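Structural description and commentary
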Amino acid sequence: SLSTLVAAVQAGGLVETLSGEGPFTVFAPTNDAFAALPDGVLDMLLKPENKDKLAAILTYHVVGGKVMSTDLQDGQTAATVQGDEIKVDLSDGAKINDATVVTADVEATNGVVHIIDKVILPPSLEL
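Residues numbered from 1 in each chain as written. Predicted model: local features only at pLDDT ≥ 70, side-chain atom pairs only at ≥ 80, totals over all residues. Heavy atoms only, no water.

What follows deals with the nonpolar core. Ranked by internal contacts, the top residues of the largest apolar core, which has 21 residues, are Leu 5, Val 26, Phe 34, Leu 37, Leu 58 and Val 119. Of all the elements, helix 5 (residues 51-59) adds the most residues to this core, at 4 residues. Among all residues touching Val 26, those that are not within four sequence positions of it are His 61, Val 62, Val 112, Val 113 and His 114. Core analysis: the second largest hydrophobic core is formed by 13 residues, Tyr 60, Val 67, Leu 72 and Ile 86 among them. (Core = buried A, V, L, I, M, F, W, Y, C linked by side-chain atoms within 4.5 Å. Buried < 20%, exposed > 50% of the residue type's maximum accessible area, 1.4 Å probe, protein only. Helix = DSSP H or I, 4+ residues; strand = E, 2+ residues; numbered from the N terminus. Contact = heavy atoms within 4.5 Å.)

In structure tokens:
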């Protein structure tokens, strides 16, 4: 369910970065989340000339450090590797910005992955 994310990480040239020592917390959009982007956006982002935009979106899904779901606090913000902040909302389940965490605390060798149902976009990025 994360094959689109893996392909995007490869296209964005981030494989080496994200397989680094870490630790990292990755908010990983599902294939369905990528499919829900407006028509043509994913294809546009996967083109070599848009590598910087793709990398910005993907690194907006990554926070330095290992943050487990039990570490999250309602209203908390966190700086992403991309530079903009994400916001945590725990009022109805767990949300990162407007994406719902569908599977939390997937352990990785260099951190943790939380699977989300939407691609979150950095506010500073124009598509």
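Right, let's talk about the packing of helix 1 (residues 3-11) against helix 5 for a bit. At a minimum axis distance of 9 Å, the contact between helix 1 and helix 5 shows a crossing angle of 130 degrees. One way to sum up the angle between helix 1 and helix 5 is to call them oblique. Read as a crossing pair, helix 1 and helix 5 show a hand that is left-handed. Where helix 1 approaches helix 5, its residues Leu 5, Ala 8, Val 9 and Ala 11 are matched on the opposing element by Lys 51, Leu 54 and Leu 58. Here the contact of helix 1 with helix 5 is built from residues that sort into 6 nonpolar, no polar and 1 charged. (Axes fitted to C-alpha atoms, helices over the stretch in contact; angles between N-to-C directions. Parallel < 35°, antiparallel > 145°, perpendicular 65-115°, else oblique. Left-handed = near helix turned anticlockwise from the far one by under 90°. Nonpolar A, V, L, I, M, F, W, Y, C, P; charged D, E, K, R; others polar.)

Now for the pairing of strand 4 (residues 85-89). Only one face of strand 4 is covered, namely the one carrying Ile 86 and Val 88; the face carrying Glu 85, Lys 87 and Asp 89 has none of its residues buried. Bridge count between strand 3 (residues 77-79) and strand 4: 3 bridges; the pairing is antiparallel. By the bridge assignment for strand 4, Thr 77 is matched with Lys 87. Hairpin connection between strand 3 and strand 4: a loop of 5 residues separates the two successive antiparallel strands, and Gly 83 in this loop has a positive phi of roughly 125 degrees. As paired elements, strand 4 and strand 5 (residues 95-96) share 2 bridges and run antiparallel to each other. (Pairing = 2+ DSSP bridges.)

Let us look at helix 5. Looking at helix 5, one finds that the buried residues are Leu 54, Ala 55, Ala 56, Ile 57, Leu 58 and Thr 59. At its buried positions, helix 5 is contacted by helix 1, helix 3 (31-35), helix 4 (41-45) and strand 2 (62-64).

Applying the stated rule across the entire model yields 2 salt bridges. Among the salt bridges present, the one from Glu 107 reaches Lys 66, with a minimum N-O distance of 2.7 Å. Placement of Glu 107 in strand 6 (residues 99-108) and of Lys 66 in the loop between strand 2 and strand 3 is noted, with a sequence separation of 41 residues between them. For Lys 66, a relative accessible area of 40% puts it in the partly exposed group. The closest approach of N and O atoms between Lys 118 and Asp 98, which form a salt bridge, is 2.5 Å. Note that Lys 118 is positioned in the segment after strand 7 (111-116) and Asp 98 in the loop between strand 5 and strand 6, a separation of 20 residues in sequence. Taking relative accessible area as the criterion, Lys 118 reaches 35% and is therefore assigned partly exposed. Judged by relative accessible area, which is 43%, Asp 98 ranks as partly exposed. (Salt bridge = Lys/Arg side-chain N within 4 Å of Asp/Glu carboxyl O.)

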